[in-house]
Amino acid sequence: MGHPKFSRKKYDSPTHPWKSARIKEEHAIKANHGLKNVREIWKANSALRRHRHQAMKLIGRTASTDTHLTREHDDLLRSLYNKGLIPDGATMDNILELSVEDMLGRRLQTLVRLKGLAVSHKQARQLITHGHIAIGEQKVTIPAYPVSREEEEGITYVGRSVISNPNHSIRQDIETLRSTVEYGEEEPVEMGEVFVKSDTEVIAERAAAAPSADSTIPAEPAAEPAAEPAAEPAAEPAAEPAPEGGEK
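Residues numbered from 1 in each chain as written. Predicted model: local features only at pLDDT ≥ 70, side-chain atom pairs only at ≥ 80, totals over all residues. Heavy atoms only, no water.

**Quick word on the overall build of the chain**
- The number of helices and strands found in the chain is nine helices and three strands.
- Element order for the chain, N to C, with α for helix and β for strand: α-α-α-α-α-α-α-β-β-β-α-α.
- Across the 248 residues of the chain, 31% fall into the buried class.
- Taking the intrachain contacts of the chain between residues at least 6 apart in sequence as the baseline, contacts between residues at least 24 apart amount to 55%.
- Total accessible area on the chain is roughly 17,700 Å²; 52% of this is exposed by carbon and sulfur atoms. (Helix = DSSP H or I, 4+ residues; strand = E, 2+ residues; numbered from the N terminus. Buried < 20%, exposed > 50% of the residue type's maximum accessible area, 1.4 Å probe, protein only. Contact = heavy atoms within 4.5 Å. Areas by Shrake-Rupley, 256 points an atom, 1.4 Å probe, with all protein chains shown as cover.)

**Section: the sheet that holds strand β3 (residues 155–157)**
- Taken in spatial order, the three strands of this open sheet run β2-β1-β3, and their pairing is antiparallel. A single partner strand is all that each edge strand has here, and the edge strands are β2 (138–139) and β3.
- Note that strand β1 (residues 133–135) and β2 share two bridges and pair antiparallel. Directly across from Ile135, in β2, lies its bridge partner Gln138. (Pairing = 2+ DSSP bridges.)

**A few points about the packing of aromatic side chains**
- The tally for this structure, following the rule as stated, stands at zero aromatic pairs.
- In this structure, Arg149 packs its charged tip against the face of Tyr81, placed 4.2 Å from the ring centre. (Phe/Tyr/Trp six-rings, centres within 6.5 Å; stacked < 30°, edge-to-face > 60°. Lys NZ or Arg CZ within 6 Å of the ring centre and 35° of its normal.)

**A look at a nonpolar patch on the surface**
- A contiguous nonpolar patch, built from Met56, Ile59 and Leu96 and spanning about 250 Å² of accessible area, is present on the exposed surface.
- Overall, Met56 belongs to the exposed group, its relative accessible area being 54%. (Patch = residues over 30% accessible without salt bridge, like charges linked within 9 Å, V, L, I, M, F, W, Y side chains within 5 Å. Salt bridge = Lys/Arg side-chain N within 4 Å of Asp/Glu carboxyl O.)

**Section: the nonpolar core**
- The biggest cluster of nonpolar side chains holds 21 residues, and the ones touching the most others in it are Leu76, Ile86, Met92 and Ile95.
- When residues in this core are grouped by element, the largest group, six residues, is from helix α2 (residues 39–59).
- Residue contacts for Ile95: discarding those within four places in its chain leaves His51, Arg52, Ala55, Leu76, Leu77, Leu80 and Ile86.
- Grouped together as the second largest cluster of nonpolar side chains are 19 residues, Leu117, Leu127, Ile163 and Leu177 included. (Core = buried A, V, L, I, M, F, W, Y, C linked by side-chain atoms within 4.5 Å.)

**Things to note about the pattern of salt bridges**
- For the coordinates displayed, the defined rule picks out seven salt bridges.
- Measuring nitrogen to oxygen at the nearest pair gives 2.9 Å for the salt bridge that ties Glu26 to Arg22. Highlighted residues: Glu26 and Arg22, both in helix α1 (residues 20–33), separated by four residues, approximately one helical turn. Here Glu26 matches Arg22 in class, with each residue buried.
- Arg107 is paired through a salt bridge with Glu40; the nearest N and O atoms lie 2.3 Å apart. Placement of the pair is Arg107 in the loop between α5 (100–104) and α6 (108–114) and Glu40 in helix α2, with a sequence separation of 67 residues.
- Classification of Arg107 by relative accessible area gives buried; the value is 5%.
- The exposure class assigned to Glu40 is buried, which follows from its relative accessible area of 12%.
- A single salt-bridge network, built from bridges that share partners, covers Glu40, Arg107 and Arg125.

Here's what the structure looks like:
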């Protein structure tokens, strides 16, 4: 049961911790969504498992005429629609087709990136934890906050934040990178107090370090290998001394 003062763990960890296929898949999802650790994937998987279990239970009772089962069926579809997990007019089969990617796609960090308020998932996480992102009038500092369909349109910068000014250098860098860098190919932005290094500086450094294709400077010839020293001739064996006294 646990101590009443401490909350229970609300997710299930893997039963076998050393399966290489699962570990590779989790690390790929972690890199794709900019997650801090794989525990966030386990939480999403546990929530998805609960939705599927409830849907399968209702599918098995479709022949029943109980009023409360019909109401429970409609409530589940309406709840997942409001959470943004299924489209309008979806059925129970759409719930069974949900994946962990769909669950992670409703995180505030992911939606900040998709709405163009940040140029990378890492920058989106930094903006949220540093208190620069709000939903409506409420500042939210939790990257894993599940955003509902109604709240999605209210994601914006905090009014008191320095980034809310469109003329701020950070906003200008974000707008420039949104128009020049393709989705998913940008470098992560490091942030100290606000930013330490922007993506524009990273791209400029790469362009300066790369050799120009029109350069006319001849390439230096490859150094010739040093000649190997000639092998010394083998020493002749010393002549044997003649026996004393001559032959008998």
